[in-house]
Amino acid sequence: MNKALVVDDEKLIVKGIKFSLEQDGYEVDVAYDGKEALRMAKEKEYDIVLLDVMLPEMDGMEVCQAIREFSEMPIIMLTAKGTDMDKILGLEYGADDYITKPFNILEVKARIKAIIRRNSKKSKAADKNDRIIEVSDLKLDLDSRRVFEKGKEVNLTAKEFDILELLTQNPDKVYSREQLLNIVWGNKLHEAGDVRTVDVHVRRLREKIEPNPSEPKYIHTKWGVGYYFKE
């Protein structure tokens, strides 16, 4: 369920927008002044904020600017002022869109849907990008478990990939051989042998991904401690 915050000191406008959005399945909170709106925005992440410019306590521009200090939640400014300067100011303060009163509620809902849809695509793209790690010439696709060095795919064993994934997701963190053995092999610890198993896998991993395995670029040794990944 999408969550909306409607902010306007004209209660009839708030009531009308709230009713219409709830008919479309939105969860709607309302505020009648700027300070109340800011407090609510800090307490909950909304999918859309409809924010009137002319508000008591704090005006809409101030509220918009304050929200942008801690959140990227989408904001549509509502205003009776229709000058280009007002529109420019609203967008400069961080608003995503701008609707001039009097407005058609169908237009408002269409704008809301467009912004939420756009944000949803951005979020999905960001999530996908989060599943790809790129450091210098090395690229890991965590979903497909594929590794590329200078654009050329490198064939790793399952355990080699597990070691590389763990180290790249925790750059500069040193893992002892015992820790790697426990994390990567887990319950199959007894099958893996001793810590020398880790050394063998790291050596093979370096031979596959390092331009010069004798002088590692990615996987470094902390002598007497273990291994770590250098960004």
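Residues numbered from 1 in each chain as written. Predicted model: local features only at pLDDT ≥ 70, side-chain atom pairs only at ≥ 80, totals over all residues. Heavy atoms only, no water.

1. Notes on the sheet that holds strand β10 (residues 175–176)
Paired through their backbone hydrogen bonds, the strands of a sheet run either parallel or antiparallel. In space, the three strands of this open sheet follow the order β10-β12-β11, with antiparallel pairing throughout. The outermost strands of the open sheet, each flanked by one partner alone, are β10 and β11 (219–222). On top of the sheet, helix α6 (residues 158–169) reaches β10, β11 and β12 (226–229); it is set at about 65° to β12, its chief contact. Most of the contacts of helix α9 (residues 196–209) go to β11, to which it runs at about 145°, and overall it touches β11 and β12. (Pairing = 2+ DSSP bridges. Helix = DSSP H or I, 4+ residues; strand = E, 2+ residues; numbered from the N terminus. Contact = heavy atoms within 4.5 Å. Axes fitted to C-alpha atoms, helices over the stretch in contact; angles between N-to-C directions.)

2. What about helix α1 (residues 11–23)?
The end-to-end C-alpha distance of α1, which contains 13 residues, comes to 18 Å, matching closely the 18 Å that a straight helix rising 1.5 Å per residue would cover. All of the buried residues in α1 are Val14, Ile17, Ser20 and Leu21. The buried residues of α1 all sit within an arc of 140° when viewed along its axis, so they share a single face. Among the exposed residues of α1, those oriented more than 90 degrees off its buried face are Lys11, Leu12, Lys15, Phe19 and Gln23. Of the residues one or two after α1, Gly25 is the one with positive phi, at around 90°. (Expected span 1.5 Å × (residues − 1). Buried < 20%, exposed > 50% of the residue type's maximum accessible area, 1.4 Å probe, protein only. Arc of directions from axis to C-beta.)

3. Describing helix α7 (residues 177–185)
Restricting attention to buried positions, one finds in α7 the residues Arg177, Leu180, Leu181, Val184 and Trp185. For α7, the buried positions fall inside an angular range of 100° around the axis, keeping them on one side. Taken from the residues just after α7, Gly186 is the one with a positive phi, measuring 55°.

4. Quick notes on the environment of Ile163
Note that Ile163 resides in helix α6. By relative accessible area, which is 0% here, Ile163 ends up buried. Placed 42 residues apart in sequence, Ile163 and Leu205 show a C-alpha to C-alpha distance of 8.7 Å. Setting aside residues up to four positions removed in sequence, Ile163 forms contacts with Val184, Trp185, His201 and Leu205.

5. A few points about the pattern of salt bridges
Applying the stated criterion across every chain yields a total of 18 salt bridges. Here Lys217 ties to Asp137 by a salt bridge, and the two come within 3.7 Å at their closest N and O atoms. One end of the pair, Lys217, is in the loop between α9 and β11; the other, Asp137, is in the loop between β6 (132–135) and β7 (138–141), and 80 residues separate them in sequence. On the accessibility criterion, Asp137 (33% relative accessible area) is partly exposed. Here Arg145 and Glu165 are joined by a salt bridge, their closest N and O atoms 3.9 Å apart. Of this pair, Arg145 sits in the loop between β7 and β8 (146–149) while Glu165 sits in helix α6; the two residues are 20 residues apart in sequence, bridging distant segments of the chain. A single salt-bridge network, built from bridges that share partners, covers Asp8, Glu10, Asp52 and Lys101. (Salt bridge = Lys/Arg side-chain N within 4 Å of Asp/Glu carboxyl O.)

6. Some details on the environment of Phe148
By secondary structure assignment, the location of Phe148 is in strand β8. In this structure, the C-alpha to C-alpha distance between Phe148 and Glu134, residues 14 residues apart in sequence, is 9.4 Å. If we ignore the near neighbours within four places in the chain, the residues touching Phe148 are Asp137, Leu138, Lys139, Glu153 and Val154.

7. Digging into unusual backbone geometry
Following Lys101, the chain continues to Pro102 via a peptide bond in cis, the omega torsion being -10°. Its identity as a non-glycine residue notwithstanding, Arg145 has a phi of 55°, on the positive side. What makes Arg145 partly exposed here is its relative accessible area of 38%.

8. Topic: the UniProt feature "modified residue: 4-aspartylphosphate" (unreviewed entry) in the protein chain
UniProt annotation of "modified residue: 4-aspartylphosphate" (unreviewed entry) refers to Asp52 when read in the numbering used here. Within the secondary structure, Asp52 sits in strand β3 (residues 48–52). The contact partners of Asp52, leaving out residues within four places of it in the chain, are Val7, Asp8, Asp9, Gly60, Leu78, Thr79 and Lys101. (UniProt positions renumbered as here; feature names shortened; annotations may be inferred.)

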